[in-house]
Amino acid sequence: MSEVPAPRPQNNLHGILFMIAGGLCMSVNSIFIRNAGHSLGVFEVVFLRSVVIVTFALLFSRSFTLESLKTQQPKLIAARSMLMCLIVLANFTAIMYLPLVTVTSIQFTRPLYLVVLAALFLGESVKLPRTIATLIGFAGVLIILRPGSDSDIHWAMTLLLAGTMASSMNAIVTKKLTVTDKISNMMIYSNFAVIAMCAPIAIYYWIMPGWMDLLWLLGLGAMSGGTQYFVIRAYDRGEATVVAPFDYMRIIFVALIGYFIFDELPDIFTWIGAFIIIVSTLFIAWREAQLKKKIGSENSQKQ
């Protein structure tokens, strides 16, 4: 039985920088997704994007062999790959049909789902402050969605909410996998899963890409690969509770892109809801960090 290697030393500054870089790549990616999606179907865009990522990963891998694809945690690799399929399809569809700031604000609810999932499936006790913060965060979602208003909730929003919940599960799985598996392996496995899932539908509804479409797809693959790499590196190098809040810088990036590239100006309800979501999730991250510090201090005193 092979031994599980010890976790690599943490460097929160490096983790923060990787998270900011990942957020920038993800924000720029919206430009490529929308432009590619103008003429191609979402399954074809996602399929070709994953083909580009796998190609780049294999070309730039210095030591790739079939032997190197072995994993000590095959079930977690499979789970992460399936989650990534849902996340990518949900996010790409939402970006094509919904305002960018709205999409990003809903994506920021991932820590709220983490609190709920930890209570339901991990048996973690959720204290009153975190419960209140979680409820306030979901109130921010309701302000953005405004159910019962004159405008109906777009069908892509339902898919986005499911993808966001899957993303919260994926954060837990990814953190566990970074202990034993290479980043490149996680990227290759997840993108092979996306290719296998999307290929039948993409081929059935195939539209031959033009030269401009190919350029958008190349940029999409490069930015998507960069996003995956930087986010995985962020959680690998830094503490999750420290680096995760810096993902909120992404709302600045997407607001600028939405305004200057797509002429989008979010309404006041979207900004209020986004603010509430960010504050509540930051409070949860801060409280979790404080509790960990307290437990660490108590353990050191016992020793």
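Residues numbered from 1 in each chain as written. Predicted model: local features only at pLDDT ≥ 70, side-chain atom pairs only at ≥ 80, totals over all residues. Heavy atoms only, no water.

Undergrad: It is not clear to me how the overall build of the chain should be interpreted in this structure. Could you clarify?
TA: Looking only at helices and strands, the chain has 12 helices and zero strands in total. Sequence separation of at least 24 residues holds for 92% of the intrachain contacts in the chain that already meet a minimum separation of 6. For the chain, the accessible area works out to roughly 15,900 Å², and carbon and sulfur atoms hold 70% of it. (Helix = DSSP H or I, 4+ residues; strand = E, 2+ residues; numbered from the N terminus. Contact = heavy atoms within 4.5 Å. Areas by Shrake-Rupley, 256 points an atom, 1.4 Å probe, with all protein chains shown as cover.)

Undergrad: What am I meant to see in the pattern of salt bridges here?
TA: Any two side chains of opposite charge can pair, on the condition that their charged atoms come close. Scanning the entire structure with this criterion turns up three salt bridges. Notably, a salt bridge pairs D236 with R233, separated by 3.6 Å at the nearest N-O pair. Of this pair, D236 and R233 both sit in helix 9 (residues 211-237), three residues apart, which is roughly one turn of the helix. The buried category is assigned to D236, whose relative accessible area is 5%. (Salt bridge = Lys/Arg side-chain N within 4 Å of Asp/Glu carboxyl O. Buried < 20%, exposed > 50% of the residue type's maximum accessible area, 1.4 Å probe, protein only.)

Undergrad: Sorry, what's going on with unusual backbone geometry here?
TA: Look at D263: it is not a glycine, yet its phi comes out positive at around 60 degrees. You can see D263 is positioned in the loop between helix 11 (250-260) and helix 12 (268-302).

Undergrad: What is the right way to look at the confidence of the model for the chain in this model?
TA: Close reading of the predicted structure is inappropriate where its pLDDT is low. On average, residues of the chain score 84 in pLDDT, and 88% of them are at 70 or above. Ranking the elements of the chain by mean pLDDT puts helix 10 (residues 240-243) last with 75 and helix 11 first with 93. (pLDDT = per-residue confidence, 0-100.)

Undergrad: Is there a simple way to think about the side chain of Q107 in this case?
TA: Checked against the element boundaries, Q107 lands in helix 4 (residues 100-107). Setting aside anything within four residues of it in sequence, one finds Q107 in contact with N91, L160, T164 and R250.

Undergrad: Teacher, can you tell me more about the packing of aromatic side chains here?
TA: A ring pair, where both rings are aromatic, is described by two values, the distance of the centres and the angle of the planes. Under the defined criterion, the tally for this structure stands at 10 aromatic pairs. Feature note: the residues F18, Y229 and F230 constitute an aromatic cluster, connected by ring pairs. Geometry around F262 places R34 over its ring, the cationic atom sitting 4.7 Å from the centre. (Phe/Tyr/Trp six-rings, centres within 6.5 Å; stacked < 30°, edge-to-face > 60°. Lys NZ or Arg CZ within 6 Å of the ring centre and 35° of its normal.)

Undergrad: Help me understand the nonpolar core in this model?
TA: Of all hydrophobic cores here, the largest spans 58 residues; its most connected members are V45, V46 and F92. For this core, the leading source of residues is helix 3 (residues 74-97), giving 11 residues. Here V46 is in contact with V88, L89, F92, V194 and C198, once residues within four sequence places are set aside. Counting seven residues, the second-largest nonpolar core is a separate cluster that includes I16, M19, A234 and Y235. (Core = buried A, V, L, I, M, F, W, Y, C linked by side-chain atoms within 4.5 Å.)

Undergrad: Would you mind showing me how to read the packing of helix 1 (residues 12-37) against helix 3 here?
TA: In helix packing, the relevant descriptors are the interaxial angle and the interaxial distance, both defined with respect to the helix axes. Interaxial distance between helix 1 and helix 3 falls to 9 Å at its minimum, and their mutual angle equals 75 degrees. Between helix 1 and helix 3, the interaxial angle falls into the category roughly perpendicular. Residue-level contacts link S30, I33, R34 and G37 of helix 1 to F92, I95 and M96 of helix 3. (Axes fitted to C-alpha atoms, helices over the stretch in contact; angles between N-to-C directions. Parallel < 35°, antiparallel > 145°, perpendicular 65-115°, else oblique.)

Undergrad: Even after reading the chapter, I still don't get helix 4, so can you show me in this structure?
TA: Quick reminder: α-helices carry 3.6 residues per turn. Residues three or four places apart thus point the same way. In terms of burial, helix 4 is a largely internal element, eight of the eight residues being buried. What helix 4 keeps buried is the set L100, V101, T102, V103, T104, S105, I106 and Q107.

Undergrad: Mind showing me how you'd approach the environment of I277 here?
TA: Inspection of the secondary structure assignment puts I277 in helix 12. Placed 142 residues apart in sequence, I277 and L135 show a C-alpha to C-alpha distance of 9.9 Å.

Undergrad: Just checking my understanding: could you explain the packing of helix 3 against helix 7 (residues 155-177) for this structure?
TA: Contact geometry for helix 3 and helix 7: axes closest at 8 Å, N-to-C directions at 145 degrees. Considering how the two elements wind past one another, helix 3 and helix 7 form a crossing that is left-handed. Classifying every residue of the contact of helix 3 with helix 7 by side-chain character gives 19 nonpolar, six polar and two charged. (Left-handed = near helix turned anticlockwise from the far one by under 90°. Nonpolar A, V, L, I, M, F, W, Y, C, P; charged D, E, K, R; others polar.)

Undergrad: Whenever I open this one, the state of the cysteines confuses me. Can you help?
TA: Should the sulfur atoms of two cysteines be covalently bonded, the bond is a disulfide. Summed over the entire model, instances satisfying the criterion amount to zero disulfides. Here C85 stays free of any disulfide, with the sulfur of C198 as its closest cysteine sulfur at 6.5 Å. For C85, a relative accessible area of 3% puts it in the buried group. (Disulfide = S-S within 2.5 Å.)

Undergrad: I keep staring at the environment of V51 and nothing clicks. Help me out?
TA: Within the secondary structure, V51 is located in helix 2 (residues 42-60). Measuring from C-alpha to C-alpha, the distance between V51 and L217 comes to 9.9 Å, with 166 residues separating the pair along the chain.

Undergrad: Where do I start with a nonpolar patch on the surface in this structure?
TA: Taken together, the side chains of I252, L256, Y259, F260, I261 and L265 present a nonpolar region at the surface, about 680 Å² in accessible area. Considering the arrangement of structural elements, one finds I252 in helix 11. Of the residues examined, I252 reaches a relative accessible area of 48% and is grouped as partly exposed. (Patch = residues over 30% accessible without salt bridge, like charges linked within 9 Å, V, L, I, M, F, W, Y side chains within 5 Å.)

Undergrad: Teacher, can you tell me more about the side chain of T93 here?
TA: With respect to the helices and strands, the residue T93 is situated in helix 3. For T93, a relative accessible area of 6% translates into the label buried. With residues up to four places along the chain from it excluded, the contact list for T93 reads V42, W155, A156 and L159.

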